[in-house]
Amino acid sequence: MADDAQLDVHDLRVIKAISDAGSLTAAADLLGYSQPAVSQQMRRLETKLGLPLLERVGRRVRLTEAGRVLARHAPSVTTALDAAVGELAELRGLEAGTVRILGFPSATPTILPRLLRDLARRHPGVSLTYVEAEPPEAVAAVRDDRADIAVTFAYPGDRADPHGVSARGLSVRTVGRDDLLVVVPEDHPVADRDVIDVALLAEENWIAGCPRCRGHLLELCGRAGFTPRIGFETDNVVAVEGLVAQGIGVATLPALGVASFPALPGIVTRPLLAGDERLIHVVTAHGADRVPAVATVLRALERAVAAATAAAVPAAEATSGGN
């Protein structure tokens, strides 16, 4: 590599597009360029660096080790540049742009509508793209610069936490708390209690949710002194409630999950005696909050999370026999 070889941000954006898209043609589509233009840019960059960045494998191309090094560093550089551009835009009084968000399933019908309404009223120049994803995938998307914000959750004290090693080097901020509820058939012996001690359900069959929720169920019951007998697993909240309503088993669900659709008849939801909850987080690259559009969405997200979680608890407490 020449000692005086220099990179510019355009080089990094092209390398990153090839890494993300997997081919020169797809990268060109992603960038809005022609495929020959991308090929020419790569040849110029290889000449400048004195290193091959692409290698042919059959009819496809892939990044060499040098190409992968550049692709790995590209997101932090482009995020920093976007932040600088955003700060300059803020000085000019501009507030516009598109922010890419990934969120967990029960955030989609509860938090997202409030967020969109808030932005439409207060900041019509800011738009969103949204993809539903579980926390590990959402965190990975922020790390790979495929998303600006991940809306995630974690259970305090659990060994498996998507905000541990996988989020190292990213910004993780707690923005809300979502109560965990017990779901039992309306004719269950504990259904008339205001709160339910999970230890009273040690002999029941259990219905587990998503992999992360299943892991927390095992931890929760383990702290109560028993291993739950899990007969069914589904991440479909409606299916969980349907199985409970038919007396197949009992379950735990987050309040946002219960509030995400009209409750099925035949079930009762109650708070846990231990006051268990999951924490709601937003994950971004460091410095992303200096981009005005991202900062605007982060503030709106905090308001949307607060409103959604505040509405979820009364809605869940009213769930009894389908009322």
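This is a predicted model, so every value here is computed, not measured.

Notes on the pairing of strand β1 (residues 54–57)
Within a regular strand, side chains alternate between the sheet's two faces.
Item 1. With four bridges joining them, β1 and strand β2 (residues 60–63) adopt antiparallel strand pairing. Residue pairing in the sheet places V57 in a bridge with R60 of β2.

Side note on the packing of helix α1 (residues 9–21) against helix α3 (residues 35–49)
Item 1. Direction vectors running N to C along α1 and α3 enclose 120°, while the axes themselves pass 11 Å from each other. Read as a crossing pair, α1 and α3 show a hand that is left-handed. Along its contact with α1, which presents H10, D11, V14, I15 and I18, the element α3 presents V38, Q41, M42, L45 and K48.
Item 2. Split into classes, the residues belonging to the contact of α1 with α3 amount to six nonpolar, two polar and two charged.

Side note on the confidence of the model for the chain
Item 1. Summing up the model confidence of the chain, the mean pLDDT is 85 and the portion of residues at 70 or higher is 89%.
Item 2. Highest mean pLDDT in the chain belongs to helix α5 (residues 111–122) (96); lowest belongs to helix α4 (residues 65–91) (78).

Digging into the environment of T234
Item 1. Its location among the elements puts T234 in the loop between β8 (229–233) and α8 (237–245).
Item 2. Residues in contact with T234, not counting those within four places in the same chain, are I207, A208, G209, C210, A239 and V240.

Brief notes about the packing of aromatic side chains
Item 1. Taken as a whole and assessed by the stated rule, the structure comprises two aromatic pairs.
Item 2. Centre to centre, the rings of F104 and F153 are 5.2 Å apart; their planes meet at 85°, and the pair counts as edge-to-face. Taken together, the residues F104 in the loop between β3 (97–103) and α5 and F153 in strand β5 (residues 149–154) connect sequence positions 49 residues apart. Comparing F104 with F153, the two get one shared label, buried.
Item 3. Look at F153 and Y155: their rings are 5.9 Å apart centre to centre, the planes differ by 75°, and that puts the pair in the edge-to-face class. For the pair F153 and Y155, a shared accessibility class is recorded, and that class is buried.
Item 4. An aromatic cluster of at least three residues, connected via ring pairs, comprises F104, F153 and Y155.

Re the pattern of salt bridges
Item 1. In the structure shown here, the tally under the stated rule is 14 salt bridges.
Item 2. We note a salt bridge from D11 to K48, for which the minimum N-O separation is 3.1 Å. With D11 in helix α1 and K48 in helix α3, the pair connects residues that are 37 residues apart, well separated along the chain.
Item 3. Overall, D11 belongs to the buried group, its relative accessible area being 3%.
Item 4. Overlapping salt bridges, with partners in common, bring together K16, D20, R100, D145 and D148 in one network.

Observations concerning α5
Item 1. If you check α5, its first and last C-alpha atoms are 17 Å apart, about what 12 residues at 1.5 Å a residue would give, namely 16 Å.
Item 2. Those residues of α5 that sit buried are I111, L112, L115, D118 and L119. The arc enclosing the buried residues of α5, seen along the axis, measures out at 125°, which places them on a common side. α5 presents A120 and R121 as exposed residues on the side facing more than 90 degrees away from its buried surface.

Re the side chain of H281
Item 1. Relative to the helices and strands, H281 resides in strand β11 (residues 277–285).
Item 2. In terms of polar contacts, H281 uses its side chain to reach the side chain of T174, at 3.1 Å.

Looking at the packing of α1 against helix α2 (residues 24–31)
Item 1. As a packed pair, α1 and α2 sit with axes 8 Å apart at the nearest point and diverge in direction by 120°. Regarding the angle of α1 to α2, the classification is oblique. Judged by the sense of rotation from one axis to the other, the crossing of α1 with α2 is right-handed. Each of R13, V14, A17, I18 and A21 in α1 lies in contact with α2, whose residues at this interface are L24, A26, A27, L30 and L31.
Item 2. Residues that form the contact of α1 with α2 fall into these classes: nine nonpolar, no polar and one charged.

Brief notes about unusual backbone geometry
Item 1. The backbone of D145 sits at a positive phi, close to 60°, despite the residue not being glycine.
Item 2. The residue D145 is located in the loop between α6 (135–143) and β5 in this model.

Details of α2
Item 1. Within α2 the residues assigned to the buried category are L24, A27 and A28. With its buried residues spanning 100° around the axis, α2 presents them on a single face. Across from the buried face of α2, at angles greater than 90 degrees, the exposed residues are D29 and L30.
Item 2. The elements touched by buried residues of α2 are α1, α3, β1 and β2.
Item 3. The positive-phi residue at the C-terminal boundary of α2 is G32, with phi of around 80°.

Quick notes on the rules
Residues numbered from 1 in each chain as written. Predicted model: local features only at pLDDT ≥ 70, side-chain atom pairs only at ≥ 80, totals over all residues. Heavy atoms only, no water. Pairing = 2+ DSSP bridges. Helix = DSSP H or I, 4+ residues; strand = E, 2+ residues; numbered from the N terminus. Axes fitted to C-alpha atoms, helices over the stretch in contact; angles between N-to-C directions. Left-handed = near helix turned anticlockwise from the far one by under 90°. Contact = heavy atoms within 4.5 Å. Nonpolar A, V, L, I, M, F, W, Y, C, P; charged D, E, K, R; others polar. pLDDT = per-residue confidence, 0-100. Phe/Tyr/Trp six-rings, centres within 6.5 Å; stacked < 30°, edge-to-face > 60°. Buried < 20%, exposed > 50% of the residue type's maximum accessible area, 1.4 Å probe, protein only. Salt bridge = Lys/Arg side-chain N within 4 Å of Asp/Glu carboxyl O. Expected span 1.5 Å × (residues − 1). Arc of directions from axis to C-beta. Polar contact = N/O pair within 3.5 Å; in protein donor to acceptor, adjacent residues only side chain to side chain. Parallel < 35°, antiparallel > 145°, perpendicular 65-115°, else oblique.

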